[in-house]
Structure formats: C-alpha cells, structure tokens
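Coordinate analysis (summary)
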Amino acid sequence: MQKEAIVIKPIRSLEDAVDRCQNLGMRLSRQRRFILELLWQAKEHLSAREIYDRLNQQGKEIGHTSVYQNLEALSSQNIIECIERSDGRLYGNISDSHSHVNCLDTNQILDVEVKLPAELLQQIEQQTGVKITDYNINFYGYRQKQDNE
C-alpha cells in the first residue's frame, strides 16, 4: 500500500501565512499578525531583536518574550523561516524550499530560487544512491563594485 503524499500549499503572501495559521488552528493574536506583517513588508531576514525594535518603533507595543514565543511558534509550524547562525537566529517570510546568497560585506541574506539541471540531480543520485526530493544551496560572496564606484 502506497502512502498518499499530502500537498501543502506554499506560502507566497501574507494572506497565505494567515490562512496557514488558521488551518493549523493557531490563534492569530494581534502580536502574531504584527510579526507576520513586518516580515512580509521587510522581505529580509531579521533577528528577534530587530523585529522587536522595528515593531516598537512603529508604535506596535510588543514585549521581548512575546516576540520570541511567536517567532518560535511560527517557525516550528514552517509558516516563517528560521536560519541558525553563529551570531543567533534570523527569521524570514519565505518558509518553503529556496536558496540563499550570503553577502559577506553586509551580512545580508538574499532569497533566491535556484533550479538545478535534471542531469546534475541525476548525477548526484547516481553517486550517492539517494533520490533527491528537495535541495537548497548557500552561496557566499562580496558585493560587486559598480562602474561608478
């Protein structure tokens, strides 16, 4: 008997993230909504401290503990992304599989969609004996200088 694969719709917008919370039966508190809205507006990876600071600067009062608890709840349900780094965790709005470009000048992490050629995936599968079902790649580099710099 073959197992049926459960297809989970990728989160591509703030509305998708809100829908996923509701489908999972997660309470969509005011603070949780603030965090989701901020991550979708910022479209960058932020630390819990940066999220706390930005929300409070916007006049959306939220405590440190509430930020951490909500980030943990949202990332544990794969509604938001959590990246573990040596200097702490960063959170982003894209939770489904994707790759990153890590800028060594700015410490910024940029989300990119990378599609490897089928031949390369087949070569990896043949070398390892493992059927590839998903992947993400981390690229590292420095900002390219523009001609006018």
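Attention in this report is confined to the structure presented alongside it.

Reading the values: rules and limits
Residues numbered from 1 in each chain as written. Predicted model: local features only at pLDDT ≥ 70, side-chain atom pairs only at ≥ 80, totals over all residues. Heavy atoms only, no water. Helix = DSSP H or I, 4+ residues; strand = E, 2+ residues; numbered from the N terminus. Buried < 20%, exposed > 50% of the residue type's maximum accessible area, 1.4 Å probe, protein only. Contact = heavy atoms within 4.5 Å. Core = buried A, V, L, I, M, F, W, Y, C linked by side-chain atoms within 4.5 Å. Pairing = 2+ DSSP bridges.

Per the secondary structure count, the protein includes five helices and five strands. Projected onto the principal axes, the alpha-carbon positions of the protein cover approximately 60 × 55 × 25 Å. Put simply, the protein has 149 residues, and 36% of those count as buried. Partitioning the contacts of the protein with sequence separation of at least 6, the portion at a separation of at least 24 is 46%.

The tendency in soluble globular proteins is for nonpolar side chains to be buried as a group. Ile35, Leu36, Ile51, Leu71, Leu74, Ile79 and Ile80 are the most contacted members of the largest nonpolar core, which has 26 residues in total. Counting residues per element, the ones that place at least two in this core are helix H1 (14-23), helix H2 (30-42), helix H3 (48-57) and helix H4 (64-76). If one sorts the elements of this core by residue count, H2 sits on top with seven residues. Sequence-distant contacts of Leu36, defined by excluding residues within four places in its chain, comprise Leu14, Ala17, Cys21, Leu28, Leu74, Ile79 and Ile80.

It is worth spelling out the pairing of strand E3 (residues 99-103) at this point. Counted residue by residue, E3 has four buried out of five residues, so it is predominantly covered. Bridge analysis of E3 against strand E4 (residues 109-112) gives four bridges, and the strand direction is antiparallel. Bridge pairing in E4 links His100 to Asp111. The antiparallel pairing of E3 with E4 creates a hairpin that spans five residues between the two strands, and Asn107 there sits at a positive phi of about 70 degrees. Across four bridges, E3 lies against strand E5 (residues 138-141) in parallel orientation. In the strand pairing of E5, Val101 is matched with Phe139.

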